[in-house]
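# Examination of the molecular architecture
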Amino acid sequence: MTANSSSATATTLPTRRFGHTDMEITRVGFGAWAIGGADWAVGWGSQDDSDSIAAIRHAVDRGINWIDTAAIYGLGHSEELVRKALADIPLAARPYVFTKCGLVWNDNDRQELPRRVGASASIRKEVENSLRRLGVERIDLYQMHWPAEDGTPLEVYWQTLLDLKKEGKIRAAGLSNHNAAQLEAAARLGHVDTLQPPFSAIRRDMAKAELPWCHGHGTGIIVYSPMQAGLLTGRFSVERVKALPKDDWRSRNAEFTGEKFERNVKLADAFKPIAERHRSTVPTVAVAWTLAWSGVTGAIVGARSPAQVDGWIDASTLELTHADMAEIAAVINSTGAGSGPLAPSV
């Protein structure tokens, strides 16, 4: 194991303080879900490990100073790849590494959906496994992936994360996919350092309650799926959806079929003139849209190759204008795509 967790390399990209933590993070971070590979229940299709490692190293070279992964991604494989990608980088120059717990899989059936487990003993076992796979003695951010469904009260699993923080196993503790009421319940026990919710121009619901709650409580927010699993890249067509392999979870997702898909594609098309005005790309505009909301610290963006990193990294510096945001809001309204507030209130 390395001596400790990272202190994050200096970067030329813009950074923001991550809630009340001592971390300053870049506006975009590397998302490591897709690099977990295909051989599990919610995989993204086949993926070459050497491409994954190259993508991570390229992202770090470009200035990204944090990586978001989870034990469940590839059933441990994503965490192992993150370790391999960072192994040759001096500790002081490594990016922060964030991971998650609470999803337990069946080693005898990799295609079985994981169970949402919050029992303290289970989380403690998970953190030790993640520390080993990542090759560190402290995890920079440890997050409960989903609310537990094994009967464990939120107060129990959140207290476990708070205890792990006191013990020095983790640097910061956060929640993912939890609502405002659950955040409030957790905060009664101890400060919620971070929240990781889904957020995109299609999936906007967290802006109703969770965003203002976090903004008012000093809780950092890193949003995931800002391009809605690729729908907002401007590159999806009916033909491409039909060609998705069966081991890509998107082939079974409602947003990629029927009227929902048609509305989503129309919204993505509306990003094209905005991208042209800014001499940018549609993926960059889609990610920048999420960063335009006050209270959003950063966006998690996946990549399976260095070229994909280059396709969206400029979102870290692109600032959409009020006119841009109003134009996007108008298209959201006219197409009926997704749900949630159309634009920031201020």
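What comes next is a walk through the structure. (Residues numbered from 1 in each chain as written. Predicted model: local features only at pLDDT ≥ 70, side-chain atom pairs only at ≥ 80, totals over all residues. Heavy atoms only, no water.)

## Here's the deal with the overall build of the protein
Definition in use: Only runs of H or I of at least four residues qualify as helices and only runs of E of at least two qualify as strands under DSSP, and these elements are numbered from the N terminus. Relative accessibility under 20% of the residue-type maximum defines a buried residue, over 50% an exposed one, and the middle range a partly exposed one, all with a 1.4 Å probe and only protein chains included. In this analysis, two residues are considered to be in contact whenever any of their non-hydrogen atoms come within 4.5 Å of each other. Computed with a 1.4 Å probe, the accessible areas rest on the Shrake-Rupley method; for each residue, only the protein chains presented here act as cover.
A tally of helices and strands in the protein yields 11 helices and 12 strands. When each of the 346 residues of the protein is scored for burial, the buried share is 57%. Looking at the protein alone, contacts between residues at least 24 apart form 77% of all its contacts between residues at least 6 apart. A total of about 14100 Å² of accessible surface is found on the protein, and carbon and sulfur atoms cover 50% of it.

## Quick look at the nonpolar core
Rules: Only buried residues count toward a nonpolar core. Its members are Ala, Val, Leu, Ile, Met, Phe, Trp, Tyr and Cys residues joined through side-chain atoms within 4.5 Å.
Counting 89 residues, the largest nonpolar core has Phe30 and Leu267 as the members making the most contacts within it. Broken down by element, the residue count for this core peaks at eight residues, all from helix α8 (residues 258-277). If we skip the residues at most four places from it in the chain, Leu267 touches Ala201, Ile202, Leu232, Ile328, Val331, Ile332 and Ala337. In terms of nonpolar packing, the next biggest core, distinct from the first, is built from 11 residues, Phe18, Trp66, Phe98 and Ala172 among them.

## What to know about the sheet that holds strand β9 (residues 173-176)
Basically, it comes down to this: Whether two strands pair comes down to DSSP finding at least two bridges between them. Angular values range over 0 to 180 degrees, each being the angle between N-to-C directions of two axes fitted as lines to C-alpha atoms, with helices fitted over their stretch in contact.
With parallel pairing, the eight strands of this closed barrel are ordered in space as β3-β4-β5-β8-β9-β10-β11-β12. Neighbour-to-neighbour, the strand axes of the sheet open up by a mean angle of 30°, direction not taken into account. Examined bridge by bridge, strand β5 (residues 96-101) and strand β8 (residues 141-144) share four bridges and lie parallel to one another. Opposite Cys101, over in β8, you have Met144 as the bridge partner. Where helix α4 (residues 154-166) meets the sheet, its contacts fall on β5, β8 and β9, and the angle it forms with β9 comes to roughly 150°. The strands that helix α9 (residues 282-291) touches are β3 (28-31), β11 (220-223) and β12 (298-302); relative to β12, the one it contacts most, it runs at about 150°.

## Looking at the packing of helix α2 (residues 77-86) against helix α3 (residues 120-134)
Contact geometry of α2 with α3 gives a least axis separation of 7 Å together with a crossing angle of 35°. Judged by residue contacts, Glu79, Glu80, Val82 and Arg83 of α2 engage Ser130, Arg132, Arg133 and Leu134 from α3.

## Thoughts on the pattern of salt bridges
Using the following cut-off: Salt bridges are identified by distance alone: a Lys or Arg side-chain nitrogen within 4 Å of an Asp or Glu carboxyl oxygen.
With the rule as written, the count across this model stands at 15 salt bridges. The partner of Lys165 in a salt bridge is Asp193, with the nearest N and O atoms 2.8 Å apart. Here Asp193 lies in the loop between α5 (180-187) and β10 (194-196) and Lys165 lies in helix α4, a separation of 28 residues in the sequence. Of the residues examined, Lys165 reaches a relative accessible area of 32% and is grouped as partly exposed. The partner of Arg277 in a salt bridge is Asp324, with the nearest N and O atoms 3.0 Å apart. Placement of the pair is Arg277 in helix α8 and Asp324 in helix α11 (residues 322-335), with a sequence separation of 47 residues. The partly exposed category is assigned to Arg277, whose relative accessible area is 48%. Judged by relative accessible area, which is 3%, Asp324 ranks as buried. Each of the salt bridges in this network shares a partner with another, and the network as a whole consists of Asp22, Asp140 and Arg171.

## Section: the pairing of β5
For clarity, the threshold we go by: When the strands point away from the viewer, a crossover counts as right-handed if the path from the first strand over the helix to the second runs clockwise.
Most of β5 sits inside the fold, with six of its six residues counted as buried. Across the two faces of β5 the burial is the same, with Tyr96, Phe98 and Lys100 and Val97, Thr99 and Cys101 all buried. Summarising the sheet, strand β4 (residues 66-68) and β5 pair through three bridges and their orientation is parallel. Opposite Trp66, over in β5, you have Tyr96 as the bridge partner. After leaving β4, the chain enters α2 and then returns to the sheet as β5, a path that is right-handed.

## Here we look at the side chain of Thr21
Which entries qualify depends on this criterion: Here a polar contact means two N or O atoms within 3.5 Å. Within protein one must be a hydrogen donor candidate and the other an acceptor candidate, and residues neighboring in sequence count only if both atoms are side-chain atoms.
Mapped onto the fold, Thr21 is located in the loop between β1 (15-17) and β2 (24-26). Reaching out from Thr21, the side chain makes a polar contact with the backbone nitrogen of Met23 at a distance of 3.1 Å. Every residue in contact with Thr21, bar those within four places of it in the chain, is listed here: Ala172 and Asp193.

## As for unusual backbone geometry
Most of the time, phi is negative for any residue but glycine, and the peptide bond is trans. The phi angle at Asn177 is positive, at roughly 60°, despite the residue not being glycine. When you line up the elements, Asn177 lands in the loop between β9 and α5. Judged by relative accessible area, Asn177 falls into the buried class, the value being 13%. The backbone phi angle of Arg279 is positive, close to 55°, even though this residue is not glycine. Examined against the element boundaries, Arg279 turns out to sit in the loop between α8 and α9. Overall, the relative accessible area of 82% leaves Arg279 in the exposed class.

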